[in-house]
Each structure stands twice: as C-alpha cells, then as structure tokens.
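# Geometric and topological summary
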Amino acid sequence: MSLIAVITGASSGIGEATAQRLAREPGARLVLVARREDRLRALVHSLPAPATYVAADITDAEAPSRVAAHVAATHGRLTLLVNNAGARWHGTFADGGYANVRQTMAVNFDGAVRMTEALLPLLRSSAPSAIVNVASVAGRVARGGAGAYSASKFALVGWSDALYAEERPHGVHVGLVLPGFIATEGFPATELRSRWVTRWMVSDTERAANAIVDAGLRRRVERYVPRPYAIAAAVRVLAPALLRRVQRAGAGGLLTPRTGADLAGVNGGQRGTRTLDLADVNRAL
Ligand SMILES: NC(=O)c1ccc[n+]([C@@H]2O[C@H](COP(=O)([O-])OP(=O)(O)OC[C@H]3O[C@@H](n4cnc5c(N)ncnc54)[C@H](OP(=O)(O)O)[C@@H]3O)[C@@H](O)[C@H]2O)c1
C-alpha cells in the first residue's frame, strides 16, 4: 500500500528533513503544512515525489478541517500523519505567565490534537496507518525557563500513550519521537554548538527524520534522538533528587539555549510569517 503522508511544520528543520526522507519511499505522496508558503512551495518543487501543501497556522480554528478537506479531495486516503509543528518561547513562569503557557500549548499540544481529530477518520479508513507525535526530551525532563514548553510536551507524551492504546484495535499505530538537541532554525542550540564540551550533545535533522520514519513506517512505539537521551528520562524517574542536584549546579541554564522565536522577537517572540534561517539566528547571538 503506498504512503500518503501529512507532515506539519514542514517548512524548516525536522519537518523539512522528514519530507525529504519520506519522499524517497517508493510511491510516496506528501502533503506539507506550515505557515510560510514560500518555503512550502519551494520544497514541493524540490522533492523527488509528488507533493502538495496547505499553508496554514495550525492554531487557526479552521486549519485542521482545511487540511482534512485537501487530503480527502487530493488522495481520498491517509496512511501517515506526522504532528511535528512546534515552537518554544523562553521565559520563567513569573515572566511569561499564563500567556506563554497558552501560546505554547496552542501550537505544541492543541495543534497536534486538533490535527489528529480532523484526520483520524481518514487514518482509520486507510488502516494500517500511523500517527507520529514529535515531542521532546523536555516532555520527560523539565528545566527552568522552559516550563511552558515542557508542559506542552509532557501533555503530548501522555496523550500519545493513551491514543496508542485506543487506536491500536483500529489499525492506527501511534509512535512517539523525543528529540534532544537538534540544530534547526527554531532550536539553533548555538550556545551548545559553540563549546567543545557540549557540542556532542547536538544532533542533526536527518537523524530525527530517520527516527520519525522508524516510528511511522516501522511502527516503533518510542524513539529518542539520539538514543542516549533516554538515559535522562530514566534518571528523572529513578533518581529525581540527583537530577535536581545537577540542575541546581547550573546545568539547567546551560541546557536551555535561546530559540529562534526568542531571537526573532516578533509578536512577543512568535515568528509570524517572517523568514528566519539558521544563519540569521547565529548572527543574532
Ligand atoms: N530542534 C530541537 O532541538 C528539538 C528538540 C526537541 C523537540 N523538537 C520538536 O521538533 C519539532 C520541530 O522543530 P524544529 O527543531 O524542526 O524547529 P523549526 O525549524 O523551527 O520548525 C518548526 C516548524 O513548525 C512550524 N510551525 C510553528 N508554528 C506553527 C504554527 N502555528 N502553524 C503551523 N506551523 C507552525 C514552522 O513553520 P512556519 O514557521 O512556516 O509556520 C516550522 O516548519 C517541534 O515540535 C519541536 O518542539 C525540536
């Protein structure tokens, strides 16, 4: 059965690499979703597989139904949904308050939930099919300054576990991918990449894309990227006091580098439709 995939957040970073990776699968047909239409159009033309796009902000009320209508009209089937779109705005709760929690949840959690709700009927009728939710190691281990982001990713992890159990009898596999630091526009990790002691911690988008393929096409339940990040999650459960001691020693701040959204400083940190690439981010630091 040929692959028909929707990838949210396909205009850059992990989503773009996932589109490039999935486009190499035999018979693949892709639908790309993000706000920056120029990026999506260029990517569609560069891929070695048939692809279309829906330019949409996934927090808009009608975005999920627009994507579902496009997929139904263009393909009539859907075998893979990759909920990858996401963002992080740096800030303590005292500084960012509920406003930051709400904007972060709207993209990272509600966006994935609402997209899944709209596409689940097609995924079920096309089974065997799969959903891959791109969470984060921050969905297992929280750091100061990234509480809103962690809350959204913890929520995504918990919801994904339940959805896995619920959709299994319907032939819809639910896989979870938890990246550590992956150098992208939104998460440049420049502070970590600039120091030799921390450079090794930062991985690349191809590895994340391969993990998404493992979770989606090979039906893996959970993949950390790179895999050793699973140790951090295990330590959080088995030795929480040790983790807090490490964070008190200052590692938490070092491991919370600034994001592309923070550096763009548009719409209170949101990128809006502005184009920002890794070089811009590096220059801003
Ligand atoms: N890179 C890392 O270190 C890392 C680590 C753990 C988890 N992750 C997760 O991996 C996923 C991809 O991140 P990335 O590193 O590839 O960052 P990125 O390069 O900034 O990509 C984020 C993507 O999400 C899209 N997006 C953001 N807000 C959106 C909205 N409201 N509506 C539609 N699309 C939206 C962006 O497109 P537009 O701006 O064009 O809309 C972009 O394509 C995210 O869920 C992130 O939380 C990343």
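Just above, that's the structure.
On a predicted model such as this, the values are computed, not experimentally measured, just so you know.

## Thoughts on the environment of threonine 8
Structurally, threonine 8 can be placed in strand β1 (residues 4-8). Along the primary structure threonine 8 and alanine 261 are separated by 253 residues, whereas in three dimensions their C-alpha atoms are 18 Å apart. For threonine 8, the contacting residues outside a window of four places in its chain are Gly15, Val33, Ala34, Ile58, Val82, Asn83, Asn84, Ala85 and Met115.

## A closer look at the sheet that holds β1
Here we have seven strands laid out as an open sheet, ordered β3-β2-β1-β4-β5-β6-β9, and parallel in their pairing. Looking at which strands have only one partner, the edges of the open sheet turn out to be β3 (51-55) and β9 (222-225). For this sheet, the mean angle separating the axes of adjacent strands, direction not counted, is 15°. Here three bridges tie β1 to strand β4 (residues 80-83), and the two strands are oriented parallel to one another. Considered in β4, the bridge of alanine 5 is made with leucine 80. Sitting on the sheet, helix α4 (residues 93-125) is in contact with β1, β4, β5 (129-134) and β6 (172-179), with an inclination near 175° to β4.

## Brief notes about the nonpolar core
Val6, Leu32, Val33 and Val177 are the most contacted members of the largest nonpolar core, which has 77 residues in total. Residues contacting valine 177, with those up to four places away along its chain left out, are Val132, Val134, Ala135, Ala208, Ala211, Ile212, Ala215, Arg223 and Val225.

## Regarding the site of the ligand
Near the ligand, the surroundings consist of 31 residues, among which Gly9, Gly13, Arg35, Gly86 and Gly186 are the closest. Only α1 (13-22) and β7 (181-182) provide two or more residues apiece to the shell around the ligand. Looking at the shell around the ligand, the element that brings in the most residues is α1, giving three residues. Considered class by class, the residues forming the shell around the ligand number twelve nonpolar, 13 polar and six charged.

Scoring rules and cut-offs
- Residues numbered from 1 in each chain as written.
- Predicted model: local features only at pLDDT ≥ 70, side-chain atom pairs only at ≥ 80, totals over all residues.
- Helix = DSSP H or I, 4+ residues; strand = E, 2+ residues; numbered from the N terminus.
- Contact = placed C-beta atoms within 7 Å.
- Pairing = 2+ DSSP bridges.
- Axes fitted to C-alpha atoms, helices over the stretch in contact; angles between N-to-C directions.
- Core = buried A, V, L, I, M, F, W, Y, C linked by C-beta atoms within 7 Å.
- Buried ≥ 20, exposed ≤ 12 C-beta atoms within 10 Å, placed from the backbone.
- Near = placed C-beta within 6 Å.
- Nonpolar A, V, L, I, M, F, W, Y, C, P; charged D, E, K, R; others polar.

That's the geometry; what it means functionally is another story.
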